[in-house]
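Architecture and fold: a report
Spelled out, the chains give:
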Amino acid sequence: ELEDAAKIDGCSLFGIYFRIVLPLSKPALATLTTFTFMGSWMSFMWPLIVLNSEHKYTLPIGLQYFKSLHSTDWTLLMAGSVMALLPILIVFVFAQRYFVEGIKLSGIKG
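In this convention, every chain numbers its residues from 1, walking through the sequence in written order. Given that the model is predicted, a residue must reach a pLDDT of at least 70 before its local features are reported, and side-chain atom pairs must reach 80 or more before they are shown or counted; all residues, however, enter totals for whole chains, interfaces and linings. Each side-chain value is derived from all of the structure's non-hydrogen atoms; neither hydrogens nor water enter the calculation.

1. Considerations on the overall build of the protein
Labels follow the DSSP assignment, with helices taken as runs of H or I lasting at least four residues and strands as runs of E lasting at least two, numbered in each case from the N terminus. Check the secondary structure of the protein and you find six helices and zero strands. Starting at the N terminus, the α and β elements of the protein follow one another as α-α-α-α-α-α. Over its C-alpha atoms the protein spans a radius of gyration of 22 Å, topping by over 25% the 13 Å that the globule rule assigns to 110 residues. Taken along its principal axes, the extent of the C-alpha atoms in the protein is 70 × 30 × 20 Å. Any residue under 20% of the maximum accessible area for its type is buried, any over 50% is exposed, and the rest in between are partly exposed; the area is computed with a 1.4 Å probe on protein chains only. Counting across all 110 residues of the protein, residues that qualify as buried make up 18%. We call two residues in contact whenever any of their non-hydrogen atoms come within 4.5 Å of each other. Contacts in the protein between residues far apart in sequence, at least 24 positions, make up 39% of those at least 6 positions apart. Atoms counted for the radius of gyration: C-alpha only. Globule rule: 2.2 Å times residue count to the power 0.38.

Structure (structure tokens):
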């Protein structure tokens with residue numbers, strides 16, 4: 001209905017996309033962005049299989065080096081885990097308002 005109203009008002013297809021469709025899909029895009037970032041940032045198996053140089057390993061693989069057969073350096077492992085988690089928390093904090101907006105819009109009856 002919003003697209004038809006915009007067409008009647010003389011809005012172009014690009015105007016409909018940028019003024020109506022894109023703002024309404026921001027909560028879904030923010031959720032998709034956050035989950036995609038989380039999945040790629042904390043990826044373990046694919047970089048372990050593909051990478052052949054220790055200099056290119058990702059953070060989860062680097063955290064695995066703190067665990068050994070006979071002992072685990074828990075302090076370094078927990079500090080590294082917090083450092084690996086910080087970018088995900090930052091992305092979530094910036095995308096949080098879109099999550100709330102999506103929940104708010106989905107609760108509207110009508």
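2. Concerning the packing of aromatic side chains
To pair, rings of Phe, Tyr and Trp, with the six-membered ring standing in for Trp, must have centres within 6.5 Å; the planes then decide the type, stacked if under 30 degrees apart, edge-to-face if over 60, and tilted in the middle. This structure, assessed with the given rule, holds three aromatic pairs. An angle of 75 degrees between the planes, with centres 5.1 Å apart, marks the rings of Tyr 17 and Phe 18 as edge-to-face. Here Tyr 17 falls in the partly exposed class, since its relative accessible area comes to 40%. Their ring planes at 20 degrees and their centres at 6.2 Å tell us that Tyr 57 and Tyr 65 sit as a pair that is stacked.

3. What about the environment of Thr 31?
By the element assignment, Thr 31 lies in helix 3 (residues 26-41). Thr 31 sits 68 residues away from Phe 99 along the chain, and the two C-alpha atoms are 6.9 Å apart.

4. Things to note about the confidence of the model for the protein
Confidence in the prediction of the protein, expressed as mean pLDDT, is 83, and 95% of residues score 70 or more. Residue-level confidence of the predictor is summarised by pLDDT, bounded by 0 at the bottom and 100 at the top. At the low end of the mean pLDDT range in the protein sits helix 1 (residues 2-8), at 76; at the high end sits helix 4 (residues 45-50), at 91.

5. A short note on the environment of Leu 22
Among the structural elements, Leu 22 can be located in helix 2 (residues 13-24). Non-local contacts of Leu 22, meaning those with residues more than four positions away in its chain, are made with Tyr 17 and Leu 29.

6. A few points about the side chain of Thr 34
Here Thr 34 is to be found in helix 3. With near-sequence residues (within four places) excluded, Thr 34 lies in contact with Val 91, Ala 95 and Phe 99.

7. With respect to helix 3
Here a helix's expected span is defined as the number of its residues, less one, multiplied by 1.5 Å. Given a rise of 1.5 Å per residue, 16 residues ought to cover 22 Å, and the 22 Å separating the end C-alpha atoms of helix 3 matches this to within 8%. Inspection of helix 3 places Pro 27, Ala 30 and Thr 34 among the buried residues, and these make up the whole buried set. Buried positions in helix 3, seen along its axis, are confined to an arc of 65 degrees and lie on one side of it. Turned more than 90 degrees away from the buried face of helix 3 sit Ala 28, Leu 32, Phe 35 and Ser 40, all of them exposed. Note that the arc is computed from the directions linking the helix axis to the C-beta atoms.

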